[in-house]
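Given next are the chains, with one letter for each unit.
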Amino acid sequence: MSWALTPLTEEQREIQRVAREFAEREIAPHSAQWDRDQYFEPALVRQLGDLGFLGMMIPEVYDGLGLDTLTYLVALEEIATVDASVAVMLSVHNSLPTQMILKWGSDKQKECFLKPMARGELLGAFALSEPEAGSDAAALRTQAVRDGNDWILNGTKAWVSSGTKGEVILAMARTDTPDDRRGARGISAFIVTPDLPGFSVGKKEDKMGLRASPTVQLHFSDMRVPGDRLLGQIGSGFIYAMQSLDNGRLGIAAQAVGIAEAALRAAAAYAAERKQFGKPIKEFQAIQFRLADMATRVASSRALLHAAATAKDRGERITQFSSMAKLQASEAAMWVTTQAIQIFGGYGYVTDYPVERLFRDAKVTELYEGTSEIQRIVIAREMYSHT
Ligand SMILES: Cc1cc2nc3c(=O)[nH]c(=O)nc-3n(C[C@H](O)[C@H](O)[C@H](O)COP(=O)(O)OP(=O)(O)OC[C@H]3O[C@@H](n4cnc5c(N)ncnc54)[C@H](O)[C@@H]3O)c2cc1C
């Protein structure tokens, strides 16, 4: 059912096949258990690294595969079709910290961090949100103060995906002072590693879905960060984070398309096999129409995503396009997984079948990397930004 509306090249189809086979062989047999146990399998990082999947868009000179965005998203969708928790780890790593270091990092930062990240030896995380700063991320409070060549950071970052495993965390902190607050321009980006004195992992969230992806708070308590861990320019960290989220939102859209595709396949298969009133339920027009609407929303979400990805690969500005792709795909994933449960009837409501997990996993795609409300704000704002 997973046809691509953008014609894929031979290479793209090959990478899609590798991702699908890996996901079916190494991840699918364990997904339900990992979800139940809230277990993140560390061996996956090295395995995905060996396949090059942790350096998909990193140039070969930095040990990555140097692929385009569309190829990366096609592979990510395949992983998400099997396990959304593994997909978010891949999405965050490939879209946010690695791209930030690639774009704004120094040669030394690329050597020390980007190369091992591309090889899958170090996993990346992204720490923008705070307990009091979610949608209004520029209101973050974590403070960085200069001390000689170093910076001393104090504050708490919230909701950090892969935070317990994140060995390279791109953390945004204020570098302006209380007497000279500069809003979004007062925020800088730092490369933080768990070995820094004053770093600690706090509360692990007990989540509705995406349970195999650890989401944690991080505490920085007089954390001493060497001066060469500042990324790019002082005061540009928020801009870097926002620009990177244009890429990140494509990854979340691919995750949502994968979840929806999995729900569609499961529902279509179940409708062919489940009999009521003496015939398979797929014979009822109510079920057929539901499946037709589900397939249409999956296909249109994928089409918009692939169009946004190819626009990015042509070097176009995609802020509006990526918000549209994320909004469309995440709301489609929530709707499609809800319909899948309806097709399964009571069996959709229990853990014997995968659709209840897909439904729980779909919800977060409407929340993170900007809620649906924030995507609508971005889309509407962009309509007027060039007039
Ligand atoms: C599982 C998970 C993983 C995450 N991973 C990461 C991560 O790795 N790194 C990271 O930095 N963050 C991460 N986040 C945080 C995520 O990005 C935030 O949860 C999200 O941005 C929303 O912020 P909030 O939860 O504080 O909600 P709030 O900002 O408090 O929003 C509450 C409600 O108000 C609405 N709202 C807010 N402002 C407006 C407005 N101006 N107009 C209309 N409606 C508005 C929102 O849409 C929402 O419905 C993660 C979150 C989750 C749940």
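For the structure, see preceding data.
Residues numbered from 1 in each chain as written. Predicted model: local features only at pLDDT ≥ 70, side-chain atom pairs only at ≥ 80, totals over all residues. Heavy atoms only, no water.

Another point: the site of the ligand. Taken together, 17 residues sit near the ligand, with S129, S135, W159, T371 and E373 positioned nearest. In this structure, T371 approaches the ligand through a side-chain N or O atom, which is 2.6 Å from an oxygen atom. Surface burial for the ligand is 64%, taken as the share of its 980 Å² of free accessible area covered by protein chains. Counting only elements with at least two residues in the shell around the ligand, the list comes to β3 (150-161) and α12 (372-384). Residues of the shell around the ligand, tallied by class, amount to eight nonpolar, six polar and three charged. (Near = heavy atom within 4 Å. Polar contact = N/O pair within 3.5 Å; in protein donor to acceptor, adjacent residues only side chain to side chain. Areas by Shrake-Rupley, 256 points an atom, 1.4 Å probe, with all protein chains shown as cover. Helix = DSSP H or I, 4+ residues; strand = E, 2+ residues; numbered from the N terminus. Nonpolar A, V, L, I, M, F, W, Y, C, P; charged D, E, K, R; others polar.)

The next subject is the pairing of strand β1 (residues 124-127). Burial along β1 is two-sided: the residues G124 and F126 and A125 and A127 are all buried. Bridge count between β1 and strand β4 (residues 168-174): four bridges; the pairing is parallel. In the sheet register, A127 faces β4, and the bridge partner there is A171. (Buried < 20%, exposed > 50% of the residue type's maximum accessible area, 1.4 Å probe, protein only. Pairing = 2+ DSSP bridges.)

Taking burial as the measure, the ten residues of helix α11 (residues 355-364) include eight buried ones, the bulk of the element. Turning to α11, its buried residues are V355, E356, R357, L358, R360, D361, A362 and V364. Buried residues in α11 make contact with α2 (31-37), α4 (69-82), α5 (84-95), α8 (237-273) and α10 (319-344). (Contact = heavy atoms within 4.5 Å.)

Let us look at the nonpolar core. Membership of the largest hydrophobic core comes to 102 residues, with the highest contact counts inside it found for L48 and I79. Tallying contributions element by element places α8 first for this core, with 19 residues. Each residue touching I79, except ones within four places of it in the same chain, is listed here: A19, F22, A23, I27, L48, V86, A87 and L90. (Core = buried A, V, L, I, M, F, W, Y, C linked by side-chain atoms within 4.5 Å.)

Keep in mind these values describe shape, not function.
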